[in-house]
Amino acid sequence: MKYLITGGAGFIGSAVVRYIINHTQDDVLNIDKLTYAGNLESLAEIENNPRYAFKQIDICDAAALQQAVDLFQPDIVMHLAAESHVDRSIDGPAAFIQTNIVGTYTLLEAVRKYWLTLDGAKKLDFRFHHISTDEVYGDLDGTEALFTETTPYAPSSPYSASKASSDHLVRAWNRTYGLPAIVTNCSNNYGPCHFPEKLIPLVILNALEGKALPVYGNGQQIRDWLYVEDHARALYRVASQGKIGETYNIGGHNEKQNIEVVKAICALLDEFRPREDRQPYASLITYVADRPGHDLRYAIDASKIANELNWMPEETFETGLRKTVVWYLNNLQWCRRVQDGSYQRERLGVQL
Ligand code: NAD
């Protein structure tokens, strides 16, 4: 099978590309604009595999996109390219509207035109898989309720509103034009190659540098955490076996308060890399003003994907977090090159 993956140089996209190349015989074309969040170094272990190819394309560039789709002739398109950081969406929503909404529309149209040229089994088996977030559902009151596939949309941030828009576009292209599409909505991911602006890598790296560990508000916001490689397996399962027209929620069954996550990282670092002054890393925790519109609790009911596609996460939060902290300790060079910008500068140098 031929998989066209958008956003394959990002955190989750790179895990999906690595999973497909390492665990299947399928071909992958990775289309990515390489924004600040795109890092080809996350694909170093598979970049020379003959089943993998990369094209630097902005999904808002209709002509370049159409050419790449028509040339590659994908069996499955997995759409992960997006602006993904909530804080950035509050400071500058324009890029989120452009990539997440206009970009998804542009991709849908390029794929629809290509799909209309197909016939026989290739047309019947074709799928467009849109990867989205549980943040489209807004937040939950109390500790009991869970997001299901039928929870009404109530996004809170420019990021989640733009993702909600893109989900609606994909479902409309399925219903109106018959484009065979599937949507997945997933909880917070964590794991290797996560950009250091996000909570878990930020805490690990700040702690190692003896810097403050910033926690929004009272730190009691609850997120449901999923190890990124479990998500990659789930996405491949949905893309290859999911039912067209359906939505699947994907979650880790790991609800944790942000402050619990930060303390768990501190405890792992105390174990693996004790501070010279023997003070616990938790002494670096600093509470900062809460994010505007901050959602209190997200939690996913992932029973549909478990029952229908037999997918369950393999990692608990404890095993996944341990692997993540070990990965960062072993890959400080990857982090430094992201933090000092050299992962982008060298790329630009090559192009010039
Ligand atoms: P990321 O920010 O790490 O990566 C996004 C990738 O998209 C980058 O490689 C970037 O260069 C690329 N990109 C951005 N704009 C583009 C454009 N205009 N054209 C082509 N490529 C472009 O994001 P991520 O965390 O890997 O998330 C991937 C997808 O999964 C997103 O759609 C996101 O909404 C969704 N998601 C993320 C999480 C999470 O916890 N990170 C959870 C659920 C769903």
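The notes below deal with the structure included here. Because the structure is predicted, anything quoted here is derived from the model rather than measured. (Residues numbered from 1 in each chain as written. Predicted model: local features only at pLDDT ≥ 70, side-chain atom pairs only at ≥ 80, totals over all residues. Heavy atoms only, no water.)

What about the overall build of the protein?
Definition in use: Numbering of helices and strands runs from the N terminus; a helix is a DSSP stretch of H or I covering at least four residues, while a strand is a stretch of E covering at least two. The quantity called the radius of gyration is restricted to C-alpha atoms. Its globule counterpart is 2.2 Å times the number of residues to the power 0.38. Residue contacts follow a heavy-atom distance rule, with two residues in contact if any of their heavy atoms lie within 4.5 Å.
Each helix and strand in the protein was counted, giving 13 helices and twelve strands. Its C-alpha radius of gyration of 20 Å places the protein within 12% of the 20 Å reference for a compact globule of 352 residues. Each of the three principal axes of the protein carries a C-alpha extent, and together these read 65 × 50 × 35 Å. For the protein, contacts bridging at least 24 residues in sequence account for 81% of all contacts bridging at least 6.

Brief notes about the site of the ligand
As a reminder, the rule being used: Note on terminology: near, applied to a residue and a molecule or strand, indicates that one of the residue's heavy atoms is within 4 Å of it. Polar contact is the term for a pair of N or O atoms within 3.5 Å; when the atoms are in protein, one must be able to donate a hydrogen and the other to accept it, and sequence-neighboring residues count only if both atoms are side-chain atoms. We get accessible surface area from the Shrake-Rupley algorithm with a probe of 1.4 Å; when it comes to residues, only the shown protein chains can shield them.
With respect to spatial proximity, 29 residues lie near the ligand, and among them Ile 12, Asp 32, Ser 84, Tyr 159 and Lys 163 are the closest. In the environment of the ligand, an oxygen atom lies 2.6 Å from a nitrogen or oxygen atom belonging to the side chain of Lys 163. Surface burial for the ligand is 96%, taken as the share of its 840 Å² of free accessible area covered by protein chains. Of all elements in the fold, only α1 (11–23), β5 (127–133), α6 (158–177) and β7 (188–190) reach the threshold of two or more residues within the shell around the ligand.

Re the packing of α1 against helix α8 (residues 228–241)
Which entries qualify depends on this criterion: Only the contacting stretch of a helix is used when fitting its axis, a line to C-alpha atoms as for every element, and angles between N-to-C directions run 0 to 180 degrees. Rotating anticlockwise by less than a right angle from the far helix to the near helix defines a left-handed crossing, while the corresponding clockwise rotation defines a right-handed one.
It is at 9 Å that the axes of α1 and α8 come closest, and there the two elements cross at 65°. As α1 packs across α8, the resulting crossing turns out to be right-handed. Along the contact surface, α1 presents Phe 11, Ile 12, Ala 15, Val 16, Tyr 19 and Ile 20, while α8 presents Val 228, His 231, Ala 232, Arg 233, Leu 235 and Tyr 236.

Details of α6
Cut-off, in case you're wondering: Here the expected length of a helix is defined as 1.5 Å per residue gap, with one fewer gap than residues.
Compared with an ideal rise of 1.5 Å per residue, which puts 20 residues at 28 Å, α6 spans 28 Å between its outermost C-alpha atoms and is within 8% of the ideal. Remark: Gly 178 follows α6 within two positions and exhibits a positive phi of approximately 75°.

Describing the nonpolar core
To keep things clear, this is the line we draw: Buried residues of nine kinds, namely Ala, Val, Leu, Ile, Met, Phe, Trp, Tyr and Cys, make up a nonpolar core once their side-chain atoms join them within 4.5 Å. Categorising residues by exposure relies on relative accessible area from a 1.4 Å probe, with only protein chains included: less than 20% of the type maximum marks a residue as buried, more than 50% marks it as exposed, and the intermediate range marks it as partly exposed.
The biggest cluster of nonpolar side chains holds 34 residues, and the ones touching the most others in it are Ile 200, Leu 213, Ile 265, Leu 269, Leu 321 and Val 325. Of all elements in the fold, only α7 (199–208), β8 (213–216), β9 (222–227), α9 (258–272), α11 (317–330) and α12 (332–339) reach the threshold of two or more residues within this core. By size, the runner-up hydrophobic cluster in this structure holds 33 residues, among which are Val 17, Ile 46, Leu 226 and Leu 309.

Digging into the sheet that holds β7
What counts, and what does not: DSSP-based pairing: two strands are paired if at least 2 bridges between them are found.
Strand order in the open sheet made by the three strands is β7-β9-β11, with mixed pairing throughout. The strands lining the two open edges of the sheet, one partner per strand, are β7 and β11 (255–257). Adjacent strand axes in the sheet meet at a mean angle of 50° when their direction is disregarded. Of the strand pairs in this sheet, β9 and β11 are connected by three bridges, and their pairing is antiparallel. Bridging from a neighbouring strand, Ile 222 pairs with Gln 257 of β11.

Here's the deal with the sheet that holds β5
Strand order in the open sheet formed by seven strands is β3-β2-β1-β4-β5-β6-β10, and the pairing between neighbours is parallel. Each end of this open sheet is capped by a strand with a single partner; those strands are β3 (52–56) and β10 (247–250). Neighbour-to-neighbour, the strand axes of the sheet open up by a mean angle of 20°, direction not taken into account. In the sheet, β5 pairs with strand β6 (residues 181–186) via six bridges, with the strands oriented parallel. Residue pairing across strands places Ile 131 opposite Thr 184, the latter belonging to β6. Against the sheet, helix α2 (residues 62–72) makes contact with β1 (2–6), β2 (27–32) and β3, and its axis sits at roughly 180° relative to β2, the strand it touches most. Strand contacts of helix α4 (residues 94–116): β1, β4 (76–79) and β5, with the helix running at about 170° to β5, the strand carrying the most contacts.

Brief notes about the pairing of β5
Worth spelling out the cut-off: The crossover handedness rule: strands pointing away from the viewer, path from first strand over the helix to second strand clockwise, crossover right-handed.
Taking burial as the measure, the seven residues of β5 include seven buried ones, the bulk of the element. Because side chains alternate across β5, one face comprises the buried residues Arg 127, His 129, Ile 131 and Thr 133, and the other comprises Phe 128, His 130 and Ser 132, equally buried. Taking the sense of rotation as the criterion, the β-α-β connection linking β5, α6 and β6 turns out right-handed.

Remarks on the packing of aromatic side chains
For clarity, the cut-off: In this analysis, rings of Phe, Tyr and Trp, with Trp reduced to its six-membered ring, are considered paired at centre separations within 6.5 Å, and the interplanar angle assigns stacked below 30 degrees, edge-to-face beyond 60, and tilted for intermediate values. Should the NZ of a Lys or the CZ of an Arg lie within 6 Å of a ring centre and within 35 degrees of the ring normal, that charge is described as sitting over the ring.
According to the stated counting rule, one finds 16 aromatic pairs in the structure shown. On the numbers, 6.3 Å between centres and 40° between planes, the contact of Phe 147 with Tyr 298 is tilted. Of this pair, Phe 147 sits in the loop between β5 and α6 while Tyr 298 sits in the loop between β12 (285–288) and α10 (303–309), placing them 151 residues apart in sequence. Just as Phe 147 is buried, Tyr 298 falls in that class too. If you follow Arg 112 out to its NZ or CZ, it ends over the ring of Tyr 177, 3.9 Å from the centre. Over the ring of Trp 115 we find Lys 123, and its NZ or CZ is 4.8 Å from the ring centre.

Here we look at the pattern of salt bridges
Spelled out, the test is: Within this document, salt bridges are pairs made up of a side-chain nitrogen of Lys or Arg and a carboxyl oxygen of Asp or Glu, the two lying within 4 Å of each other.
Taken as a whole and assessed by the stated rule, the structure comprises 15 salt bridges. As a salt-bridge pair, Arg 322 and Glu 271 come within 2.9 Å of each other at their nearest N and O atoms. Within this pair, whereas Arg 322 is found in helix α11, its partner Glu 271 is found in helix α9, the two being separated by 51 residues in sequence. Judged by its relative accessible area of 36%, Arg 322 falls in the partly exposed class. When salt bridges with common partners are traced through the structure, they connect Asp 230, Arg 233 and Glu 314 into a single cluster.

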